Amino acid sequence: MTTSSPTTPEFVLLTGSLGSGKTTLLCDYLSLPESADTGVIVNEAGEINVDGAVVPSGRRDLPMTLLGNGCVCCSFGDDLHSAIDELLEARRQSGAGEFRRIILETSGLAMPSPILRSLMRYDRAEYRLRIVSTLDAVDPSADDVMFPIRSAQLTAAQSIVLTKLDRVSHGAIAAAERVAREYNPAAVLVTTEDRSARARVALAPSELEAKTVASQFQAIAATDHSRLGVFFAQWPGSVPWADLGDWLEDLAGLCGDRLLRVKGLLSVGGVPRPILIDGVGTTFAEPRWTDAELAAGRGIVIIARDVSLDELTNMSGAYSSDVRPALRATSKRAA
Ligand SMILES: Nc1nc2c(ncn2[C@@H]2O[C@H](COP(=O)(O)OP(=O)(O)OP(=O)(O)O)[C@@H](O)[C@H]2O)c(=O)[nH]1
């Protein structure tokens with residue numbers, strides 16, 4: 001098990017739906033002095049990498065790799081690893097020192113979970129991982145087709161950046177904020193209209209802002225979105241490792257891509273120091289010991305799409321009562 005220090009470089013997954021302003025946000029960031037130690041990987045779903053052509057226009061010296069061959073979450077294979085390795089190797093050879101940050105702009109169709117799974121080998125020890133999602137304030141709601149992707153992107157994010165605020169009324173901004181909160185009440189919401197300030201807060205947060213991001217893991221989400229349920233699983237005492245692993249595996253198996261986010265603090269294996277459980281979709285980060293207090297009880301928040309409390313309760317019914325969590329819905333619609 002590994003830990004990261006505040007100076008550990010970070011890997012930022014920049015996600016958000018098609019046309020929601022990811023490339024614009026990235027370009028705004030790249031025009032800031034803070035971006036000097038940043039590497040960039042751009043992925044587009046289509047065959048022509050338009051974003052790749054747009055991004056470097058302001059910075060000729062920008063360390064950037066393009067990831068072609070379609071959407072990164074479906075076809076990354078070894079491509080993403082090669083892109084990262086190439087970027088790191090080129091940086092090493094340039095003698096310019098380590099990156100402070102690598103930003104991967106995903107295609108608007110990408111689900112975050114498969115990408116995170118692929119990034120696991122770079123996570124924790126070498127890089128901290130952070131997910132930033134854009135949300136278009138002009139058109140924040142999603143139809144039935146786009147809902148699964150949009151909900152996966154927004155619930156995974158530690159920060160949600162509202163874009164195109166200059167094009168909408170105050171009323172529309174408030175409505176977009178409500179939509180963002182419905183998806184992910186625990187995310188830091190960036191609503192700054194000034195584009196440089198917005199890029200700075202979203203992609204290079206100060207230590208204070210970064211702490212706010214970290215503390216979100218302890219927030220219990222509450223949403224009343226009609227298709228998103230937030231549930232809380234609470235164990236009576238310390239959970240044996242094997243039972244916790246089995247339970248999380250069953251949860252992932254039951255929900256599949258309806259599982260959006262899992263996070264919580266638990267006492268495991270009789271150790272009083274809590275462990276952080278952190279999953280995006282069905283991809284779980286390596287559990288980490290934390291120094292957090294287990295004040296309000298030990299448990300896991302589950303955010304899922306189109307999942308009922310009954311389904312979760314039935315799944316848990318297979319476990320003996322001493323290792324079975326008590327489950328309740330914390331969002332209004334799921335209750
Ligand atoms: N007025 C205004 N236009 C914006 C803003 N952000 C993005 N746009 C415009 O919205 C369009 C799409 O922006 P992009 O940054 O390319 O969006 P994207 O998410 O990278 O798009 P894909 O890569 O296709 O998913 C472009 O025409 C941008 O100029 C904003 O804050 N204000």
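This is a predicted model, so every value here is computed, not measured.

Trainee: Would you explain the overall build of the protein in this entry?
Mentor: Scanning the protein from N- to C-terminus turns up 11 helices and 14 strands. The burial tally for the protein puts 41% of its 335 residues in the buried class. Sequence-distant contacts, at least 24 apart, represent 79% of the contacts inside the protein between residues at least 6 apart.

Trainee: Can you help me understand the site of the ligand in this one?
Mentor: In the vicinity of the ligand lie 14 residues, with Gly21, Lys22, Thr23, Thr24 and Gly108 positioned nearest. The element that contributes the greatest number of residues to the shell around the ligand is helix H1 (residues 22–30), accounting for three residues.

Trainee: It is not clear to me how the nonpolar core should be interpreted in this structure. Could you clarify?
Mentor: Proteins that are soluble and globular tend to have nonpolar side chains buried together. Counting 74 residues, the largest nonpolar core has Ile103, Val132, Ile160, Leu162, Leu203, Leu266 and Ile302 as the members making the most contacts within it. In contact with Ile160, other than residues within four places in its own chain, are Ser133, Leu135, Leu154, Ala180, Asn184, Ala187, Leu189 and Val190.

Trainee: Would you mind showing me how to read the environment of Leu135 here?
Mentor: As for its position among the elements, Leu135 is in strand E5 (residues 128–136). A tally of 29 C-beta atoms within 10 Å means that Leu135 is categorised as buried. Through-space distance from the C-alpha of Leu135 to that of Ser17 is 7.2 Å; in sequence the pair is 118 residues apart. Not counting the four nearest positions on each side in its chain, Leu135 is found in contact with Gly16, Ser20, Pro140, Leu154, Ile160, Leu162, Thr163, Ala176 and Ala180.

Trainee: Is there a simple way to think about helix H5 (residues 112–119) in this case?
Mentor: Residues spaced three or four apart along an α-helix point in a common direction, a consequence of the helix completing one turn every 3.6 residues. Among the eight residues of H5, six are classified as buried, and the element is accordingly described as predominantly covered. Within H5 the residues assigned to the buried category are Pro112, Ser113, Pro114, Ile115, Leu116 and Leu119.

Trainee: Just checking my understanding: could you explain the pairing of strand E10 (residues 275–280) for this structure?
Mentor: Regular strands place side chains that alternate from one sheet face to the opposite one. Two elements, strand E9 (residues 259–266) and E10, share six bridges in a ladder whose sense is antiparallel. What sits directly across from Gly264, in E10, is Ile277. Where E10 and strand E12 (residues 288–289) come together, two bridges link them in antiparallel fashion. Bridge pairing links Leu276 to Arg288 in E12. Here E10 runs beside strand E11 (residues 283–284); their pairing, made up of two bridges, is antiparallel.

Trainee: Is there a simple way to think about the packing of H1 against helix H8 (residues 195–203) in this case?
Mentor: When two helices pack together, their arrangement is captured by the angle between the axes and the distance separating the axes. In the contact formed by H1 and H8, the axes pass within 8 Å of each other and the chain directions differ by 95 degrees. Taken together, the axes of H1 and H8 lie roughly perpendicular to each other. Facing Leu25, Asp28 and Tyr29 of H1, the residues of H8 in contact are Arg195, Ser196, Arg198, Ala199, Ala202 and Leu203. Counted by class, the contact of H1 with H8 contains five nonpolar, one polar and three charged residues.

Trainee: Can you help me understand unusual backbone geometry in this one?
Mentor: What you tend to see is this: most non-glycine residues have negative phi, and most peptide bonds are trans. With a phi close to 60 degrees, Lys164 is a non-glycine residue in the positive phi region. Here Lys164 lies in the loop between strand E6 (159–163) and helix H7 (170–183). By the C-beta count within 10 Å, which is 21 here, Lys164 ends up buried. Positive phi, normally seen in glycine, also occurs at Asp306, with a value near 55 degrees. If you trace the backbone, Asp306 turns up in the loop between strand E13 (299–305) and helix H11 (309–316). Residue Asp306 is classed as partly exposed on the basis of its C-beta count, with 14 C-beta atoms lying within 10 Å.

The rules we used
- Residues numbered from 1 in each chain as written.
- Predicted model: local features only at pLDDT ≥ 70, side-chain atom pairs only at ≥ 80, totals over all residues.
- Helix = DSSP H or I, 4+ residues; strand = E, 2+ residues; numbered from the N terminus.
- Buried ≥ 20, exposed ≤ 12 C-beta atoms within 10 Å, placed from the backbone.
- Contact = placed C-beta atoms within 7 Å.
- Near = placed C-beta within 6 Å.
- Core = buried A, V, L, I, M, F, W, Y, C linked by C-beta atoms within 7 Å.
- Pairing = 2+ DSSP bridges.
- Axes fitted to C-alpha atoms, helices over the stretch in contact; angles between N-to-C directions.
- Parallel < 35°, antiparallel > 145°, perpendicular 65-115°, else oblique.
- Nonpolar A, V, L, I, M, F, W, Y, C, P; charged D, E, K, R; others polar.

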